[in-house]
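Listed here are the chains, written in short residue letters.
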Amino acid sequence: MKFRVNGVLVVSCVVALTAMSFRSMASEVGLVTLSQFRTNGDYVVGSNSSRQFGAPTPQTDPFNIALAGIPAGATIQRAWINWSYLSNFPNESTENTIQVNGNNVTAQFADTGTPELNWGFDYGVGYTADITNLVTGNGNYSIASAVDDPGTGGIGEGATILAVWQKAGSPLKAINV
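Calculation notes
- Residues numbered from 1 in each chain as written.
- Predicted model: local features only at pLDDT ≥ 70, side-chain atom pairs only at ≥ 80, totals over all residues.
- Heavy atoms only, no water.
- Buried < 20%, exposed > 50% of the residue type's maximum accessible area, 1.4 Å probe, protein only.
- Helix = DSSP H or I, 4+ residues; strand = E, 2+ residues; numbered from the N terminus.
- Pairing = 2+ DSSP bridges.
- Phe/Tyr/Trp six-rings, centres within 6.5 Å; stacked < 30°, edge-to-face > 60°.
- pLDDT = per-residue confidence, 0-100.
- Contact = heavy atoms within 4.5 Å.

## Structural notes on the pairing of strand E4 (residues 63-67)
Next, step 1: Burial along E4 is one-sided: Phe63, Ile65 and Leu67 are buried, while Asn64 and Ala66, pointing the other way, are not.
Next, step 2: Relative to strand E10 (residues 139-144), E4 is paired through five bridges, and the arrangement is antiparallel. Residue pairing in the sheet places Ile65 in a bridge with Tyr141 of E10.

## Focus on the pairing of strand E9 (residues 123-130)
Next, step 1: Among the eight residues that make up E9, six are buried, leaving the element largely enclosed by the rest of the structure.
Next, step 2: Direction of pairing for strand E5 (residues 75-87) relative to E9: antiparallel, over a ladder of eight bridges. Looking at the pairing, Leu86 lines up with Gly124 of E9.
Next, step 3: Of the pairings in the sheet, the one linking strand E8 (residues 109-113) to E9 comprises five bridges and is antiparallel in character. Looking at E9, one finds that Ala110 is bridged to Tyr127.

## Describing the packing of aromatic side chains
Next, step 1: A full pass over the atoms with the stated rule returns two aromatic pairs.
Next, step 2: Their ring planes at 65° and their centres at 6.4 Å tell us that Phe37 and Trp80 sit as a pair that is edge-to-face. You can see Phe37 sitting in strand E3 (residues 36-48) and its partner Trp80 sitting in strand E5, a full 43 residues away along the chain. Like Trp80, Phe37 is buried.

## Section: the confidence of the model for the protein chain
Next, step 1: Looking at the protein chain, the pLDDT average stands at 80 and 78% of residues meet or exceed 70.
Next, step 2: Considering each helix and strand of the protein chain separately, the mean pLDDT is smallest for strand E2 (residues 8-12), with a value of 40, and largest for strand E7 (residues 103-106), with 97.
Next, step 3: Across residues 1-28, where pLDDT falls below 50, the model places 75 contacts with residues more than four positions away in sequence or in other chains.

If you want it as structure tokens, here you go:
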């Protein structure tokens, strides 16, 4: 969502995260703000589904997420990855840890929703981790271990990278993630 406040373009990126709660009863805690920026820059988002219905092999591990639109000379202020599972075991280590370009990344936030509808799982689970140190700019980022988990039976649903960049001379924006 984009709008102007006092002449400044405000871009809201809302990541629906709630406090870690693995109760069997449905609950909604609310949204969590990961970070707020007032910067000469913007953000980019890239995502990919790990599900490939109709393909001979239902998933590719690893799969790529492409980031594009970061101007030459820009620096990455912060970057996050969010991935999700349909699962009966939220925050299981085989689901809350993935690899980005060969580096292990463990979720710092987890959000569960219950009931998960029509797939036979107790939860839909979203995981989020700060990967600022791994995002260098435009390009393909290899994501591994975010696919179906044979140990838990969880179904990997894909991943999204959001990167906030800054560059001198770019319009001033407020970005809330």
